[in-house]
Every structure is written in C-alpha cells, then in structure tokens.
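Examining the three-dimensional arrangement
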Amino acid sequence: MRHAACCRQPSPDCIENRYRKYEKLLSQILRGASDTNIGFDDLRRLFLRLGFVERTRGSHHIFRKEGIEEKINLQHNQGKAKAY
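Residues numbered from 1 in each chain as written. Predicted model: local features only at pLDDT ≥ 70, side-chain atom pairs only at ≥ 80, totals over all residues. Heavy atoms only, no water.

**A few points about the nonpolar core**
Counting 11 residues, the largest nonpolar core consists of Tyr-22, Leu-25, Ile-38, Phe-40, Leu-43, Leu-46, Phe-47, Phe-52, Phe-63, Leu-74 and Ala-81. The biggest single contributor to this core is helix 2 (residues 40-49), with 4 residues. Non-local contacts of Phe-63, meaning those with residues more than four positions away in its chain, are made with Arg-44, Phe-47, Leu-48, Phe-52, Val-53, Glu-54, Lys-71, Ile-72 and Leu-74. (Core = buried A, V, L, I, M, F, W, Y, C linked by side-chain atoms within 4.5 Å. Buried < 20%, exposed > 50% of the residue type's maximum accessible area, 1.4 Å probe, protein only. Helix = DSSP H or I, 4+ residues; strand = E, 2+ residues; numbered from the N terminus. Contact = heavy atoms within 4.5 Å.)

Written out as structure tokens, the structure reads:
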C-alpha cells in the first residue's frame, strides 16, 4: 500500500521503498547515467537527506555542506532539475 507524502506514520514497506528510491537516484547520479532527466523535488530531497543545507535565492536553490567546498546550485525546469 502506498502512503501519501503527508502520512505521519508510514509503514515499514513505505520507508523501505523511499530508501531504495533515493539509493537508486544517488547511484544514477554517481554513475553519470543521466543528468537531464532527474526530478527536481527528488534531487532536492536527496541533498537534504545527505545533510546539505538549502538556501533559496529567486529560482536558485543553493546547497552547502560542511566539509564540502563547492556549493551545488539547482534550478527548477518543468519538473526536472535544470541540467548544466
């Protein structure tokens, strides 16, 4: 059974499915398999799960994490993360 994003107490299966989803997305990114077909909201949530701090300036979502010198700049483009 699938839970809505607002579900307060997701089932263990729902939690496992979310974990697999982000694990798969991270693997896809690290392999360089696709940088033009990644959902903006999924990528944003992945960065937050990885401990990045988000700051928004206009259409730019800037992600930073202590110990990582480079900042990550995301922009929304019709539901996908804008490719650079």
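**Focus: the confidence of the model for the chain**
Chain-level pLDDT for the chain is 82 on average; 76% of the residues reach the 70-or-more range. By mean pLDDT, helix 1 (residues 12-31) is the weakest element of the chain at 75, and strand 2 (residues 60-65) is the strongest at 96. (pLDDT = per-residue confidence, 0-100.)

**Some points on the side chain of Gln-75**
Its place among the elements puts Gln-75 in strand 3 (residues 68-77). You can call Gln-75 buried: its relative accessible area is 11%.

**What to know about the sheet that holds strand 2**
Within the open sheet, the 4 strands sit side by side as 1-2-3-4. Their pairing is antiparallel. Two strands close off the open sheet at either side, each with one partner strand: strand 1 (53-57) and strand 4 (80-81). Bridge count for strand 1 against strand 2 is 5 bridges, and the pairing is antiparallel. Bridge pairing links Glu-54 to Phe-63 in strand 2. In the packing of helix 2 onto the sheet, the strands contacted are strand 1, strand 2, strand 3 and strand 4, and the crossing angle to strand 3 comes to about 155°. (Pairing = 2+ DSSP bridges. Axes fitted to C-alpha atoms, helices over the stretch in contact; angles between N-to-C directions.)

**Quick word on unusual backbone geometry**
In this structure, Gln-78 takes a positive phi of about 55° despite not being glycine. Residue position: Gln-78 is located in the loop between strand 3 and strand 4. Under the relative-accessibility criterion, Gln-78 is labelled exposed at 77%.

**Topic: the pairing of strand 2**
If you look at the hairpin formed by strand 1 and strand 2, you'll find 2 residues sitting between the two strands, and Gly-58 has a positive phi there, around 65°. Between strand 2 and strand 3, which pair antiparallel and follow one another directly, the connecting turn spans 2 residues, one of which, Gly-67, has a positive phi of 95°.

**Observations concerning the pairing of strand 3**
Moving residue by residue along a regular strand, the side chains alternate between the two faces of the sheet. Here strand 2 pairs with strand 3 via 5 bridges, running antiparallel. Residue pairing for strand 3: Phe-63 is matched across the bridge by Ile-72. Summarising the sheet, strand 3 and strand 4 pair through 2 bridges and their orientation is antiparallel. Bridge assignment links His-76 to a residue of strand 4, and that residue is Ala-81.

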